[in-house]
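As a plain string of letters, each chain reads:
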Amino acid sequence: MIERRIECAGLSVLAIGDPRAERVVIFLHGRSMEAADLAPFAHALGIDAYFLFPDAPLPMSPHGYSWWPVDPEMRAARLAAGPSDLFEVDPPEREPARAALAELCAAQGDARRIVLVGFSQGGMLAMDSVLHGLRPLAMALLSTSRIAFDDWIPRLPLLKGLPVLVSHGKADRELAFAAGEAVCAAARRGGAEVTWHAHDEGHEIPLRTWRALKRFIVADFGFGNGGTA
C-alpha cells in the first residue's frame, strides 16, 4: 500500500492506502509513541482500508509524542504504586486534543466510514471524543482506561448501538486489568455493542489482539460489503 505524510487538523499524519477506500481506520497511538511505531501493522493486516496514523501534538523526551501534558513525577509515583485506573484523572488540554481529532475525522467526509482505534492514551482520547459527540462507524479501545469519569457518566448513553472492541492484558503493569474491565463495563452501561477481548500479555498489542482487531475492522456493522476475517 502507498504510504505518505500529510498534514491535517494541525497534525502530522502518516497515511497508508487508498483514500477512496470504503473504510477509514484512524489509529491513535499511546503516550511516548509515534505514528511510525504502529504504521507497519497497516501493511500486515491486509485490509482494504485507508489508514491514518496521526502523531500527537506534544513532543516527548526522549521519544514520541503525547496527546496532553503528563506530569513525569506524578506518573512515576503512580507506576511505583503498581498498575492503576485513571478514572479520577482529568487531563489538561483534552479539549484541544478532541478538537484536533474531530477535525481530522471531518476531513474524511462521512464519519460513518471511520473505525476509530486507540491504544493506551489514544484510547482515552477516542472514548472521550465519542462521549463529546464524535460518532464513528465503530471504535476499538486497546489497553486503555477511563479518565474524568464523573464527566463521562452522564454522556455514556451516546454510546448506544455503537460497536466497540475493548482489549486489555492481564499482565499490564501500567494500566490495571481492572481498568480495562471498567472501560468495558462503562461501554456496556452506555448501550454499546461491546466485544471484550482479554489476553495474557502486558501493556502491548499482541498478535491475538491484532487478529481480533482485523475481524472487528472488516465486520459489516450494517455498512457496505464488509465481511469477516
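Moving on, we come to the packing of aromatic side chains. By the definition in use, this model includes 6 aromatic pairs. When the centroid spacing of 5.8 Å and the interplanar angle of 40° are considered together, the rings of Phe27 and Trp210 count as tilted. Here Trp210 lies in helix H8 (residues 207-218) and Phe27 lies in strand E3 (residues 24-28), a separation of 183 residues in the sequence. Taken as a pair, Phe27 and Trp210 share a single burial class, namely buried. A centroid spacing of 6.5 Å and a plane angle of 70° characterise the contact between Phe149 and Trp152, whose relative ring orientation is edge-to-face.

Quick look at the pairing of strand E8 (residues 138-142) now. A large share of E8 lies buried, amounting to 5 of its 5 residues. Covered by surrounding structure in E8 are Ala138, Ala140 and Leu142 together with Met139 and Leu141, the residues of both alternating faces. Each parallel crossover has a hand, and the one from strand E7 (residues 114-119) via helix H5 (residues 121-130) to E8 is right-handed. Relative to strand E9 (residues 163-169), E8 is paired through 4 bridges, and the arrangement is parallel. Bridge assignment links Met139 to a residue of E9, and that residue is Val164.

The rules we used
Residues numbered from 1 in each chain as written. Predicted model: local features only at pLDDT ≥ 70, side-chain atom pairs only at ≥ 80, totals over all residues. Heavy atoms only, no water. Phe/Tyr/Trp six-rings, centres within 6.5 Å; stacked < 30°, edge-to-face > 60°. Helix = DSSP H or I, 4+ residues; strand = E, 2+ residues; numbered from the N terminus. Buried < 20%, exposed > 50% of the residue type's maximum accessible area, 1.4 Å probe, protein only. Right-handed = clockwise from strand over helix to strand, strands pointing away. Pairing = 2+ DSSP bridges.

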